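# Residue-level structural notes
The chain contents come next:
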Amino acid sequence: MHDIRALRDNPAAYVAGWSSRGVEDAQALVDEILTLDTALRAAQTAGQTALARRNESSKLIGAAMGRKDLAEAERLKGEVESLKGEIAAAETEEARVGKALRDLLAAQKSLAADDVPDGEDEAGNVLVGAPWGTPKEGGPAKDHADLGEALGLLDFEAAARMSGSRFAVIKGGLARLERAIGQFMLDVQTDEHGYLEVNPPYLVKDDAMFGTGQLPKFEEDLFRVGEHLLIPTAEVSLTNLVREQILSEDDLATPIRFTALTPCFRAEAGSAGRDTRGLIRQHQFHKVEMVSIAKPEDSEAEHERMVRCAEVVLEKLELPYKRMLLCKGDMGFSAKKTFDLEVWLPSQGTYREISSCSNCGDFQARRMDARFKRAGEKKTEFVHTLNGSGLAVGRTLVAIMENYQEADGSIRVPEALVPYMGGVTRVGLSK
């Protein structure tokens, strides 16, 4: 959500900021917002003026009656009745214009941080540092879907018969490997990085989705179940833990850090034709999510820390990856700055996204009314929220299958996961 006062004070910054994020006519958008803002304040002023006049006239009625000036009393009563109509009309106009203004502001993307590069799409993303690890080349490079089906451990046909496309049945050792990956990631984020494990709801109300920015713009990407929505990521549940709260400065002496391993549900409405086969883009998958709540001055450092928490998982699994700073045109709706981690997939001969870590500044906090109060201050400030994947479990399974596949079609278990597999070192044909 955007601060209308900040936009009112510096409209040129919003024209430039939204233009750089792909808004075609940002000047017209800002003009429309300011027109609604002016109309809203005019309606508020009209209502307040009419209310003050009604209150004054109501007092004068008593004085006129005391003087036995019945004519004046009747005139004042008529004026009060007329003012009631003006007040009601002003309230109606205020509600109408206020809703239009809130809806328009709620539909606009966050402004990017100053150090985010310009660019329209992923082609404008910038490599940060050198890639980590050595990509596997030569030898077997079977696609994970073919590999899993050949082992009899991945069944897309059975999933399609019961659920349709973009679902999978994972069996046997591969199912155990997926479970091991999630537990390993959760242990790394809690035991080593100090995140508090949370088991949150998977069904949330519309207000929660609005708070993190999925609503109203991306409703088509969500699954609705009665009066609730299935979470597309635990970011929704974890970030909303502080909605409508006023934290103390002591609460944020160190950023609050939450993590959860949850199923995620995405309609993938905007990805027609992309990754239609395999586990890369599913309607249902698991992910370990990280969320931080921080003071404004701490969020940039917390962002860097969060990215490292995700990188450590990849390094422990010995999966080659690279870090990308997303350009303005490729960032998510609520983000002001985003780093993606991309893992090497031998079958595709390229890196694919496996984690996205974003600093959302106060954008989500404004939508959730999540604030804090500094010691000795009466005024409250909005917190900063951050979120990131630590990591996407299904995509990590894909990366392990492809990077650890053997010539005989089996999959070697990364050393870090062997304890989570009960000592099993191979999945598939060889023991």
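Values in this document were obtained by computation on a predicted structure and should not be read as measured data.

### Considerations on the packing of aromatic side chains
This structure, assessed with the given rule, holds six aromatic pairs. A ring pair is formed by Phe-333 and Phe-363, whose centres lie 5.7 Å apart and whose planes are at 75 degrees; its orientation type is edge-to-face. With Phe-333 in the loop between β11 (321-325) and β12 (337-345) and Phe-363 in helix α11 (residues 363-368), the pair connects residues that are 30 residues apart, well separated along the chain. Taking 5.1 Å as the distance between ring centres and 70 degrees as the angle between the ring planes, the aromatic pair formed by Trp-344 and Tyr-351 counts as edge-to-face. Connected via pairs of aromatic rings, a cluster forms that spans Phe-218, Phe-333 and Phe-363. Across the ring face of Phe-339, the terminal group of Arg-323 is positioned such that the distance to the ring centre comes to 5.0 Å. Lying over the aromatic face of Phe-210, Arg-367 brings its terminal NZ or CZ to 4.1 Å of the ring centre.

### A few points about the sheet that holds strand β6 (residues 224-225)
Here three strands make up an open sheet; going across it, the order is β5-β7-β6 and the pairing antiparallel. For this open sheet the edge positions go to β5 (203-204) and β6, each flanked by a neighbour on one side alone. With two bridges joining them, β6 and strand β7 (residues 228-230) adopt antiparallel strand pairing. Residue Val-225 lies in a different strand from β7, and its bridge partner there is His-228.

### Some remarks on the pattern of salt bridges
Inspection of every chain in the model, using the stated rule, returns 33 salt bridges. Beyond isolated ion pairs, a larger network of salt bridges with shared partners links Glu-249, Lys-295, Glu-297, Arg-374 and Glu-381.

### What about the nonpolar core?
Counting residues in hydrophobic clusters, the biggest one holds 52 residues, and the most contacted among them are Leu-174, Ile-400 and Ile-411. Per element, the largest residue contribution to this core is eight residues, and it comes from helix α7 (residues 172-192). Judged by nonpolar contacts, the second largest core, of 17 residues, contains Leu-7, Ala-26, Leu-36 and Leu-40.

### What about the sheet that holds strand β10 (residues 284-294)?
The eight strands lie next to each other as β1-β11-β12-β13-β16-β10-β9-β4, forming an open sheet whose pairing is mixed. Across the chains shown, the open sheet's two edge strands, defined by having one partner strand only, are β1 (126-132) and β4 (196-197). Strand direction decides the pairing type here: strand β9 (residues 256-265) and β10, joined by ten bridges, are antiparallel. When the bridges of β10 are listed, Arg-257 appears paired with Ser-292. Contacts from α7 reach β4, β9, β10 and β16 (384-392), with the element oriented near 165 degrees to β9. Lying on the sheet, helix α10 (residues 299-316) is in contact with β1, β9, β10, β11, β12, β13 (350-359) and β16; it crosses β16 at an angle near 5 degrees.

### What about helix α12 (residues 393-403)?
Burial within α12 is extensive, with eleven of its eleven residues counted as buried. Those residues of α12 lying buried are Val-393, Gly-394, Arg-395, Thr-396, Leu-397, Val-398, Ala-399, Ile-400, Met-401, Glu-402 and Asn-403.

### Re the side chain of His-2
In this structure, His-2 sits in the segment before α1 (4-9). The class of His-2 is buried, set by a relative accessible area of 9%. If we skip the residues at most four places from it in the chain, His-2 touches Tyr-14, Trp-18, Leu-105, Gln-108, Lys-109, Ser-110, Leu-111, Phe-363 and Arg-366.

### A look at the packing of α7 against α12
Relative placement of two packed helices is described by the angle separating their axes and the distance separating the axes. As a packed pair, α7 and α12 sit with axes 10 Å apart at the nearest point and diverge in direction by 120 degrees. As summarised for this structure, α7 and α12 are arranged oblique, according to the angle between their axes. Considering how the two elements wind past one another, α7 and α12 form a crossing that is right-handed. Together, Leu-174, Leu-177, Glu-178, Ile-181, Gly-182 and Met-185 of α7 and Val-393, Thr-396, Leu-397, Ile-400 and Met-401 of α12 make up the contact between the two elements.

### Concerning unusual backbone geometry
In this structure, Pro-216 follows Leu-215 across a cis peptide bond, with omega equal to 5 degrees. The omega angle of the peptide bond from Gly-390 to Leu-391 is 20 degrees, so this bond is cis rather than trans. Considering the arrangement of structural elements, one finds Leu-391 in strand β16. Located in the positive-phi region is Arg-166, a residue other than glycine, with phi close to 65 degrees. Positive phi outside glycine occurs at Asp-369, with the angle close to 55 degrees.

### Describing the packing of α7 against α10
Axis separation between α7 and α10 bottoms out at 10 Å; the angle between their running directions is 130 degrees. In terms of their interaxial angle, α7 and α10 are classed as oblique. In this structure, the crossing between α7 and α10 has a hand that is right-handed. In contact with Phe-184, Met-185, Val-188, Gln-189 and Glu-192 of α7, α10 contributes Cys-309, Ala-310, Val-312, Val-313 and Lys-316. Class assignment for the residues of the contact of α7 with α10 results in seven nonpolar, one polar and two charged.

### Comments concerning the state of the cysteines
Applying the stated criterion across every chain yields a total of zero disulfides. With no disulfide partner, Cys-327 has as its closest neighbouring cysteine sulfur the one in Cys-360, 17 Å distant. In this structure Cys-357 is not part of a disulfide, and its nearest cysteine sulfur, from Cys-309, lies 8.6 Å away.

### With respect to the environment of Ala-335
Here Ala-335 lies in the loop between β11 and β12. With relative accessibility at 4%, the residue Ala-335 sits in the buried group. In the structure, Ala-335 is positioned 51 residues away from Leu-386 in sequence and 8.6 Å away in space, judged by C-alpha atoms. Among residues more than four places away in sequence, those in contact with Ala-335 are Arg-21, Ser-110, Leu-111, Ser-358, Asn-359 and Cys-360.

### Section: the pairing of β13
Burial of β13 is extensive: seven of the ten residues sit out of reach of the surface. Here β12 pairs with β13 via nine bridges, running antiparallel. From the neighbouring strand, Glu-342 faces β13, where its bridge partner is Glu-353. Between β12 and β13, which pair antiparallel one after the other, the connecting turn spans four residues, and Gly-349 there sits at a positive phi close to 65 degrees.

Rules used in this analysis
Residues numbered from 1 in each chain as written. Predicted model: local features only at pLDDT ≥ 70, side-chain atom pairs only at ≥ 80, totals over all residues. Heavy atoms only, no water. Phe/Tyr/Trp six-rings, centres within 6.5 Å; stacked < 30°, edge-to-face > 60°. Helix = DSSP H or I, 4+ residues; strand = E, 2+ residues; numbered from the N terminus. Lys NZ or Arg CZ within 6 Å of the ring centre and 35° of its normal. Pairing = 2+ DSSP bridges. Salt bridge = Lys/Arg side-chain N within 4 Å of Asp/Glu carboxyl O. Core = buried A, V, L, I, M, F, W, Y, C linked by side-chain atoms within 4.5 Å. Buried < 20%, exposed > 50% of the residue type's maximum accessible area, 1.4 Å probe, protein only. Contact = heavy atoms within 4.5 Å. Axes fitted to C-alpha atoms, helices over the stretch in contact; angles between N-to-C directions. Parallel < 35°, antiparallel > 145°, perpendicular 65-115°, else oblique. Left-handed = near helix turned anticlockwise from the far one by under 90°. Nonpolar A, V, L, I, M, F, W, Y, C, P; charged D, E, K, R; others polar. Disulfide = S-S within 2.5 Å.

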